[in-house]
Amino acid sequence: METQAPTAQFTVIPNRRPATDEERWIAMEDPVFGKVFTDHMARATWREEDGWADRRIVPLAPIPMHPGAAVLHYAQQAFEGLKAYRWEDGSIRLFRPEANAARLASSCRRMALPEVSEEDFLAAVEALVEADQNWVAGAEGASLYLRPLVIATEASLLVQPAAEVDFIVTASPVGDYLSNGDVGVSIWVSRGYHRANAGGTGDTKTAGNYAASMLPQKEAKEHGCGQVLFLDAREDTYVEELGGMNLVAVRADGSILTPRLSGTILPGVTRDSILTLLRDEGRTVEERDIALTELVEGIESGDIAELFAVGTAAVVTPIARLVSDDLDVSLPERSEEDGPSVATAMRALLTDIQYGRAEDRHGWTREVVPAPEG
Ligand code: COI
């Protein structure tokens, strides 16, 4: 039986064998990030001759693909990450989905893929959240992570933009991405490996950036670190971003320092949200090139009081230590008298907005499922 999704033009074909309540509760209890998926996915297809068509919410299932599909050979793809939250009144809201839609469109342009319009993006994620609303937990820290994906499916080994493309959105109940989030993660500063070059795809959310970060990330793990930090490829001097999140520093005087969006850094939606909230508090926020030496000397002298990572998956995660072959510096430990760190306060403020506990002054939240009546 097919029913038209009330939110938009994505036709819903319900999963006839959804997870039972018990299976869902077990799966949602303490999910490893991105390992649990809901009952449905959104899907649309694009053909050069016809444009986008076949907009559907369908049961989650493997996607049969020709082994010659261009995405498998040349990584012609782009993706996104955003979250839906259940508020105390039972309603479900997305956080800044329009910003993710705009970034996906920009990533698609860079990857020579057809753009997904904001209307289609919002229709897909809203219809999927609505279909899988039982998967949105209300617990603190829990959310439904949505992963929109655009892939080149045409069977072709020619290195040229594909004429057949799929748009897919999956959903995963998630908690924290990084463990040790409360005490702070250790960061491995990668030497010799870089994430992005000028004119490359560093500011694009595309698979290749993440694939290239896996070997340095493995190195990080071997050195007891939870994440890797990349320096710029041109001068091997300036800090850029972590494997999948942006970097923010807090000076002892309370002002903020963060790498500028140089073209080789992903313009994070959480980065933008946190910088906006910091500016709202009246803090000075400097977006500029920051040499690793400046950061290390600042930590050693006490000028830099805090470092933290920001991202949709990571939210706001304090950094405890920077490590490399020739480097090992720790951020100052905090005592109770110090009060909450800027990272802790910003995480609390951001999540309070996301869960509807603080005023949404910037209009960032978007209702998908209303609160039940009565
Ligand atoms: C996100 O935060 O949405 C990402 O895509 C980063 C990845 C490390 C999970």
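Residues numbered from 1 in each chain as written. Predicted model: local features only at pLDDT ≥ 70, side-chain atom pairs only at ≥ 80, totals over all residues. Heavy atoms only, no water.

Undergrad: Can you break down the overall build of the chain residue by residue, with the values?
TA: Secondary structure summary: the chain contains 9 helices and 19 strands in total. Considered along the principal axes of its C-alpha atoms, the chain spans approximately 65 × 60 × 35 Å. In the chain, which comprises 374 residues, the share counted as buried stands at 52%. For the chain, restricting intrachain contacts to residue pairs at least 6 apart in sequence, the fraction spanning at least 24 positions comes to 71%. When the accessible surface of the chain is totalled, it reaches about 17100 Å², and 49% of it is carbon and sulfur. Both charge centroids of the chain, one from 34 positive and one from 60 negative side chains, sit 3 Å from each other. (Helix = DSSP H or I, 4+ residues; strand = E, 2+ residues; numbered from the N terminus. Buried < 20%, exposed > 50% of the residue type's maximum accessible area, 1.4 Å probe, protein only. Contact = heavy atoms within 4.5 Å. Areas by Shrake-Rupley, 256 points an atom, 1.4 Å probe, with all protein chains shown as cover. Lys, Arg positive; Asp, Glu negative; His and termini not counted. Charge placed at Lys NZ, Arg CZ, Asp CG, Glu CD.)

Undergrad: Lay out the site of the ligand with the relevant residues and their values.
TA: Taken together, Phe 33, Phe 79, Gly 81, Tyr 145, Arg 147, Tyr 177, Lys 205, Gly 244, Thr 312 and Ala 313 make up the full set of residues near the ligand. Between the ligand and the protein, one listed contact pairs an oxygen atom with a side-chain N or O atom of Tyr 145 at 2.6 Å. A distance of 3.3 Å is found between an oxygen atom of the ligand and a side-chain nitrogen or oxygen belonging to Arg 147. For the ligand, whose unbound accessible area comes to 280 Å², protein coverage reaches 91%. Of the residues contributing to the shell around the ligand, the split by class is 5 nonpolar, 3 polar and 2 charged. When residues of the shell around the ligand are sorted by domain, at least three fall in each of domain 1 (6-176) and domain 2 (185-354). (Near = heavy atom within 4 Å. Polar contact = N/O pair within 3.5 Å; in protein donor to acceptor, adjacent residues only side chain to side chain. Nonpolar A, V, L, I, M, F, W, Y, C, P; charged D, E, K, R; others polar. Domains from an automatic or database assignment.)

Undergrad: Can you tell me about the domain arrangement of the chain, naming the residues and giving the values?
TA: By the assigned domains, the chain splits into domain 1 (6-176) and domain 2 (185-354). One C-alpha centre belongs to domain 1, the other to domain 2, and the line joining them spans 28 Å. In this assembly, 22 residues from domain 1 lie in contact with 22 residues from domain 2. Of the roughly 1800 Å² buried at the junction of domain 1 and domain 2 (both faces included), carbon and sulfur atoms supply 55%. Taken as a group, Phe 79, Phe 95 and Arg 103 account for 32% of the area that domain 1 buries against domain 2, more than any other trio of residues on that side. The interface formed by domain 1 and domain 2 contains 2 salt bridges. (Buried area = accessible area lost by both parts, 1.4 Å probe. Salt bridge = Lys/Arg side-chain N within 4 Å of Asp/Glu carboxyl O.)

Undergrad: Talk me through the pattern of salt bridges; I want residue IDs and the actual numbers.
TA: What the rule picks out here adds up to 24 salt bridges. In this structure, Asp 120 and Arg 55 form a salt bridge, with 2.8 Å as the shortest nitrogen-oxygen distance. Taken as a pair, Asp 120 in helix 4 (residues 118-131) and Arg 55 in strand 4 (residues 51-59) lie far apart in primary sequence, 65 residues in all. Assessed through its relative accessible area of 7%, Asp 120 is described here as buried. In this structure, Arg 334 engages Glu 306 in a salt bridge whose closest nitrogen and oxygen atoms are separated by 3.8 Å. Of the two residues, Arg 334 sits in the loop between strand 18 (327-330) and helix 9 (342-354) while Glu 306 sits in strand 16 (residues 304-311), which places them 28 residues apart along the sequence. The class of Glu 306 is buried, set by a relative accessible area of 8%.

Undergrad: Would you mind going over the packing of aromatic side chains in detail, with residue names and values included?
TA: Think of a pair of aromatic rings as described by two things: how far the centres are apart, and how the planes are tilted against each other in angle. As enumerated under the stated definition, the model contains 6 aromatic pairs in all. The structure contains a cluster of three or more aromatic residues connected by ring pairs, namely Phe 33, Tyr 145 and Tyr 177. (Phe/Tyr/Trp six-rings, centres within 6.5 Å; stacked < 30°, edge-to-face > 60°.)

Undergrad: Pulling in residues and values, what's your account of helix 3 (residues 97-110)?
TA: Across its 14 residues, helix 3 extends 20 Å between first and last C-alpha, which sits within 8% of the 20 Å expected from 1.5 Å per residue. Of all the residues in helix 3, the buried ones are Pro 97, Asn 100, Ala 101, Arg 103, Leu 104, Ala 105, Ser 107 and Cys 108. (Expected span 1.5 Å × (residues − 1).)

Undergrad: Break down empty space enclosed by the protein for me, with residues and values.
TA: Once rolled over the atoms, a probe with the size of a water molecule shows which space is left empty. All chains considered together, the criterion is met by 3 cavities of 30 Å³ or more. Here the largest cavity defines a volume of roughly 90 Å³. When residues of the lining of the largest cavity are traced back to their parent elements, those giving at least two are strand 6 (82-86), helix 7 (269-280) and helix 9. Take the lining of the largest cavity: its biggest share by element is 3 residues, from strand 6. (1 Å grid on protein atoms, 1.4 Å probe; cavity = no way out; pocket = protein on both sides within 12 Å on 5 of 7 lines; lining within 4 Å. Points joined across faces, edges and corners; volume = space filled by probe spheres on them.)

Undergrad: Go over unusual backbone geometry with me, naming the residues and quoting the values.
TA: Look at Arg 96: it is not a glycine, yet its phi comes out positive at around 50°. Mapped onto the elements of the fold, Arg 96 is located in the loop between strand 7 (92-95) and helix 3. Looking at Arg 96, the relative accessible area reads 14%, which means it is buried. Unlike most non-glycine residues, Val 315 shows phi in positive territory, near 55°. In this structure, Val 315 sits in strand 17 (residues 315-324).

Undergrad: I'd like a rundown of the nonpolar core, residues and numbers included.
TA: Ranked by size, the top nonpolar core spans 49 residues in total, and within it Phe 10, Phe 121, Leu 146 and Phe 167 carry the most contacts. Ranked by residues supplied to this core, first place goes to helix 4 with 8 residues. Apart from the residues lying within four places of it in its own chain, the contact partners of Leu 146 are Glu 80, Gly 81, Leu 82, Ala 84, Leu 94, Val 125, Leu 128, Val 129, Val 169, Thr 170 and Ala 171. Grouped together as the second largest cluster of nonpolar side chains are 26 residues, Val 189, Leu 231, Ile 299 and Ala 309 included. (Core = buried A, V, L, I, M, F, W, Y, C linked by side-chain atoms within 4.5 Å.)

Undergrad: Outline the side chain of Thr 206, supporting the account with residue identities and numerical values.
TA: Assignment of secondary structure puts Thr 206 in the loop between strand 10 (185-189) and helix 5 (207-212). Dropping the residues within four chain positions of it, Thr 206 is found in contact with Ala 75, Gln 77, Ala 78, Phe 79, Met 111 and Thr 201.

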